[in-house]
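Chain and residue survey
The residues making up each chain are set out below.
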Amino acid sequence: MAIIKTQAIVLKTKAFRETSLIATLLTESNGRIQVLVKGIRSKNNRYNSCLQPLTLNKIVFYQKKKSDLHLATQCELIKRFEPLHKDLVKMAYASFCLEIIDRTTQENDPNAELFRLLVDTLRQICTQKDAENPALVFQVRALHLLGFMPQLKFCSCCGREVKIHTPGVRIHALRECVGKFSFSPESGGLVCGACLRKDSKVQPISKGALASLLHIGGKEWEGIGRFNLSKKIIDELKKPILDFTREHTQAELRTLEFIEKIQSKQLNG
Ligand SMILES: [Zn+2]
């Protein structure tokens, strides 16, 4: 049994027996794991954190070889991301990010970059006025880090590649779709003019939206704080990216319904 000390974001918890807790965490060193924390719900709890979801903690745990449930012996609260716990909209978007991680990652599969992305995203949701922007950038970058990124350089049906050069941004895309590109969540990315007829579920996206996707999933990533997508691009991308996430990760995202409710309330005043 190895003893591991790491940082972790609490994704979710459930009560166990009288006073214990089982927590699902995204850790910096071991990816998503489940830990049992004995006695943390008792009156004389000896821990320096109650492992509330959406908090950053320092933890020490015994890694069990024969079980997926490890034993945490120490936990200490580092950051509570206070604004998330006070603002329903921020809380909804942050919970949506946690759910994507919970539904799309494998247990005990380390991904330190994904961990850092989540911590930075929660910070951005706390400080930015519009939580939708960091949540969408997170979603695309997480797809990239998990190997689910949409196909944006070739036709996702026939595999043809055509290069287009536009001033300032070099986009590899498909000549048939100049101006607007056709994105198919079902096929897994862009589709060319010839394949368009075979796919009834394509959604149009603009050159600007495509450039944003390529940038977020690209090598020049400088952190989530660098991305400030316009409302127009967010509105254009949120549905195709969400449909893509559902389709390719097989994740049924429960927090989404809640976000949709909040958005329709905001629209109706
Ligand atoms: Zn094609």
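Nothing here was measured: the structure is a model prediction, and the numbers come from that model.

Turning our eyes to something else, we now look at unusual backbone geometry. Negative phi values dominate among residues other than glycine, just as trans dominates among peptide bonds. In this model, Arg 17 sits at a positive phi of 50°, which is unusual for a non-glycine residue. Within the fold, Arg 17 resides in the loop between β1 (2–16) and β2 (20–27). Of note, Leu 54 is a non-glycine position whose phi angle comes to about 70°, a positive value. The residue Leu 54 is located in the loop between β3 (31–37) and β4 (56–63) in this model.

In this structure, Ile 9, Leu 118, Phe 138 and Ile 205 are the most contacted members of the largest nonpolar core, which totals 55 residues. Listed by contribution, the elements that provide at least two residues to this core are β1, α2 (88–104), α3 (112–127), α4 (132–145), β8 (180–184), α6 (207–216), α7 (231–249) and α8 (254–267). Setting aside residues no more than four positions away along its own chain, Phe 138 makes contact with Cys 97, Ile 100, Ile 101, Leu 117, Leu 118, Thr 121 and Ile 224.

Moving on to the environment of Gly 188. In this structure, Gly 188 sits in the loop between β8 and β9 (189–191). Sequence spacing of Gly 188 and His 215 is 27 residues, and the spatial spacing of their C-alpha atoms is 18 Å. The residues contacting Gly 188, other than those within four sequence positions of it, are Pro 150, Gln 151, Ser 156, Phe 244 and His 248.

By secondary structure assignment, the location of Thr 255 is in helix α8. Taking the relative accessible area as the measure of exposure, Thr 255 reaches 18% and is therefore buried. Of note is the side chain of Thr 255, whose polar atom sits 2.6 Å from the side chain of Glu 99. Sequence-distant contacts of Thr 255, that is, excluding residues within four places in its chain, are made with Ser 95, Phe 96 and Glu 99.

Cut-offs used in this document
Residues numbered from 1 in each chain as written. Predicted model: local features only at pLDDT ≥ 70, side-chain atom pairs only at ≥ 80, totals over all residues. Heavy atoms only, no water. Helix = DSSP H or I, 4+ residues; strand = E, 2+ residues; numbered from the N terminus. Core = buried A, V, L, I, M, F, W, Y, C linked by side-chain atoms within 4.5 Å. Buried < 20%, exposed > 50% of the residue type's maximum accessible area, 1.4 Å probe, protein only. Contact = heavy atoms within 4.5 Å. Polar contact = N/O pair within 3.5 Å; in protein donor to acceptor, adjacent residues only side chain to side chain.

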